[in-house]
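Structural overview
Letter by letter, the chains look like this.
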Amino acid sequence: MSNKNRRVIPGFGISMGVTISILSLVVLIPLASLVVYSAKLGPKEFLTVVTRDRVLSSFWVSFSTSFVAALVNAVMGTIIAWVLVRYTFPGKRIMDGIIELPFALPTAVAGISLTSLLADTGWIGSLFARAGIKLAYTKTGITIALVFIGIPFVVRAVQPVLEKLDATYEEAASVLGANRRVIFRRVILPELLPALFTGAGLAFGRCLGEYGSVVFIAGNKPFSTEIAPLIIMAELQEYDYPAATSIALVMLLFSFLTLFLVNLVQARNAKILGGAA
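Notes on the structure in this doc start here. (Residues numbered from 1 in each chain as written. Predicted model: local features only at pLDDT ≥ 70, side-chain atom pairs only at ≥ 80, totals over all residues. Heavy atoms only, no water.)

**Some points on the overall build of the protein**
If you tally the helices and strands in the protein, you get 14 helices and 0 strands. For the protein, the N- to C-terminal ordering of α and β elements is α-α-α-α-α-α-α-α-α-α-α-α-α-α. Expressed along its principal axes, the backbone C-alpha trace of the protein runs to roughly 65 × 65 × 30 Å. Here the protein holds 277 residues, and 36% of them are scored as buried. The contacts of the protein with a sequence gap of at least 6 include a subset with a gap of at least 24, amounting to 76%. As presented, the protein carries roughly 16800 Å² of accessible surface, and 69% of it is formed by carbon and sulfur atoms. In the protein, the 23 positive side-chain charges and the 15 negative ones have mean positions that sit 7 Å from each other. (Helix = DSSP H or I, 4+ residues; strand = E, 2+ residues; numbered from the N terminus. Buried < 20%, exposed > 50% of the residue type's maximum accessible area, 1.4 Å probe, protein only. Contact = heavy atoms within 4.5 Å. Areas by Shrake-Rupley, 256 points an atom, 1.4 Å probe, with all protein chains shown as cover. Lys, Arg positive; Asp, Glu negative; His and termini not counted. Charge placed at Lys NZ, Arg CZ, Asp CG, Glu CD.)

Given below as structure tokens:
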């Protein structure tokens, strides 16, 4: 029997048509509206809007905090995935389920909770306030909120790779005299890097457009802690749709570039694995 006859859902034309229709309604048409509204501005007006000092400052806040949060998530997410895969302990399944909470928790609830904790009168913020360190309404607070939002992406990307990693390579390296640090750097880390980059890239893209969990803890001080999504919301409230969509289009381009690089790494890794098999 041919592969075509063994397919559960026959009909490439119908399946592809449904797929394209769904993608168009859910993804392509909404994104195309950004381009349409932005096109109402000429090239000169577009550049004027996206290069205003306040907008550039908000871009810097969003990109810098998202990048730092992605780096923190890459380290902490790998450690969490390692513990969940390599060790057995009471409450392991509960901890594994808790990782998914940032996905399910409303972002506004996360923002309010983090603000109450990190404010100078909060449980955590008060401890740092005694040392003269302010967490809430600073870039540090924004980064902490973004770490909370993005860490599941790294854990879920690295965890399956660790589960499939053959322990015999580590044992062989140990027999040859390699210490734990060398084993991790030369044996384990090269296998984790593609998944680690994928998870960190997805976390960065998610953090870049985050609004609900950040707007409460940011303080929204212009030229200091004001994020790009807040600028977009301000433009929408003033009914300046071309300006709002122009700023959103810049964010979309950077997010698309990030996801493109992530998919490129995934495709390259799949090709290497296929060649090795």
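Now that the structure has been shown, the text picks up again.
**A short note on the nonpolar core**
The biggest cluster of nonpolar side chains holds 20 residues, and the ones touching the most others in it are Phe59, Phe63, Ile247 and Met251. For this core, the elements supplying multiple residues, two or more each, are helix H3 (43-50), helix H4 (53-86), helix H11 (180-208), helix H13 (228-237) and helix H14 (241-276). No other element matches the 7 residues that H14 contributes to this core. Beyond its immediate stretch of four places on either side in the chain, isoleucine 247 contacts Val49, Val50, Arg52, Val55, Phe59, Ile231, Ile232 and Glu235. Among the nonpolar cores identified, the runner-up in size contains 18 residues, and Leu118, Leu135, Ala145 and Ile227 belong to it. (Core = buried A, V, L, I, M, F, W, Y, C linked by side-chain atoms within 4.5 Å.)

**Re empty space enclosed by the protein**
Vacant regions in the atomic arrangement are exposed by a probe of water-molecule size rolled over the atoms. Applying the stated criterion across every chain, the model contains 1 cavity of 30 Å³ or more. Ser62, Thr65, Ser66, Ile142, Leu146, Cys207, Leu208, Glu210, Val214, Ile227 and Pro229 are the residues that line the largest cavity. Of all the elements in the fold, those that place two or more residues in the lining of the largest cavity are H4, helix H9 (139-164) and H11. Of all the elements, H4 adds the most residues to the lining of the largest cavity, at 3 residues. Partitioning the lining of the largest cavity into residue classes produces 7 nonpolar, 3 polar and 1 charged. (1 Å grid on protein atoms, 1.4 Å probe; cavity = no way out; pocket = protein on both sides within 12 Å on 5 of 7 lines; lining within 4 Å. Points joined across faces, edges and corners; volume = space filled by probe spheres on them. Nonpolar A, V, L, I, M, F, W, Y, C, P; charged D, E, K, R; others polar.)

**Some details on unusual backbone geometry**
Non-glycine residue phenylalanine 223 carries a positive phi angle of around 65°. Along the chain, phenylalanine 223 falls in the loop between helix H12 (212-218) and H13.

**Some points on the packing of helix H7 (residues 107-118) against helix H8 (residues 123-130)**
Orientation of H7 relative to H8, taken along the N-to-C sense of each, is 35°, at an axis distance of 4 Å. Across the interface between the two elements, Ser116, Leu117 and Leu118 from H7 touch Trp123, Ile124 and Gly125 from H8. (Axes fitted to C-alpha atoms, helices over the stretch in contact; angles between N-to-C directions.)

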